[in-house]
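Read off the chains here:
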Amino acid sequence: MASLTGVSLKLTPLSSSFKPTQVPFLGVSNVNSVSFPSLTMRPGSFRIRISCAAKPETVDKVCKIVRKQLALPADSSVTGESQFAALGADSLDTVEIVMGLEEEFGITLEEESAQSISTVQDAADLIEKLLEKKGA
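Residues numbered from 1 in each chain as written. Predicted model: local features only at pLDDT ≥ 70, side-chain atom pairs only at ≥ 80, totals over all residues. Heavy atoms only, no water.

The name given to the protein in an unreviewed UniProt entry is Acyl carrier protein, and the organism recorded there is Durio zibethinus. Taken directly from UniProt, the Subcellular location (unreviewed entry) text for the protein runs: "Plastid, Chloroplast". According to the UniProt record, the Function (unreviewed entry) comment for the protein reads "Carrier of the growing fatty acid chain in fatty acid biosynthesis." (UniProt positions renumbered as here; feature names shortened; annotations may be inferred.)

Visitor: Go over the overall build of the protein, please, and point to the residues and values.
Guide: Each helix and strand counted, the protein has 4 helices and 2 strands in total. What you see in the protein, going N to C, is helices and strands ordered as β-β-α-α-α-α. Burial analysis of the protein (136 residues in total) assigns 30% to the buried set. Considering only contacts within the protein whose residues lie at least 6 apart along the sequence, 55% involve residues at least 24 apart. Accessible surface, the protein as shown: approximately 9,700 Å² in total, 52% of it carbon and sulfur. (Helix = DSSP H or I, 4+ residues; strand = E, 2+ residues; numbered from the N terminus. Buried < 20%, exposed > 50% of the residue type's maximum accessible area, 1.4 Å probe, protein only. Contact = heavy atoms within 4.5 Å. Areas by Shrake-Rupley, 256 points an atom, 1.4 Å probe, with all protein chains shown as cover.)

Visitor: Give a description of helix α1 (residues 56-69) that names residues and reports values.
Guide: In this model, α1 (14 residues) spans 20 Å end to end at C-alpha, consistent with the 20 Å of a helix rising 1.5 Å per residue. When we look at burial in α1, the residues that qualify are Thr58, Val59, Val62, Cys63, Ile65, Val66 and Arg67. Residues of α1 that are buried make contact with α2 (91-105) and α4 (120-135). Within two residues after α1, Ala71 carries a phi angle of roughly 55°, on the positive side. (Expected span 1.5 Å × (residues − 1).)

Visitor: How would you explain the side chain of Thr119 if you had to name every residue and give the values?
Guide: Note on placement: Thr119 falls in the loop between α3 (111-115) and α4. Setting aside anything within four residues of it in sequence, one finds Thr119 in contact with Gly80, Glu81, Ser82, Gln83 and Phe84.

Below, the structure written as C-alpha cells:
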C-alpha cells in the first residue's frame, strides 16, 4: 500500500510543442495508476523523473546540522533547496557535515553517495533512503 501526501508531479517536456504541467496529489492514498487523458505524446518525446521528498522533520534536522557545522547565524536561511557551496561550504566543510549527519541519524554514508550530496534536500533524501533500508 502506498500513501502520498503533499506531493506534486511535474512533467517537463523536452519538446517545445508541449507545455509543462503540474499535477498535485494532496492527501491521495492507495493510488494504483494515474492517467492523463489530455496528454498525447510520441514515444520517447519526454522524460519523467519522480522523487519522493524526505520528511519535513528530517529536512529540519539536516538544516540544523548544516547551520551548526558552517557556524551560520540562527536566523540565516537554510532550506531544502540550499546548496552547501552557496552557504560557503568547502570540501572539508562538506565532509564535516556528512560526519554530523552520520552521527545524528546513526547511519554510514558511502563515499560515492556522500559526493552526490550538494543540497540539504539531497542529504535528507539520502538519509531517508538509508534509514528505510536500515529498518527493513
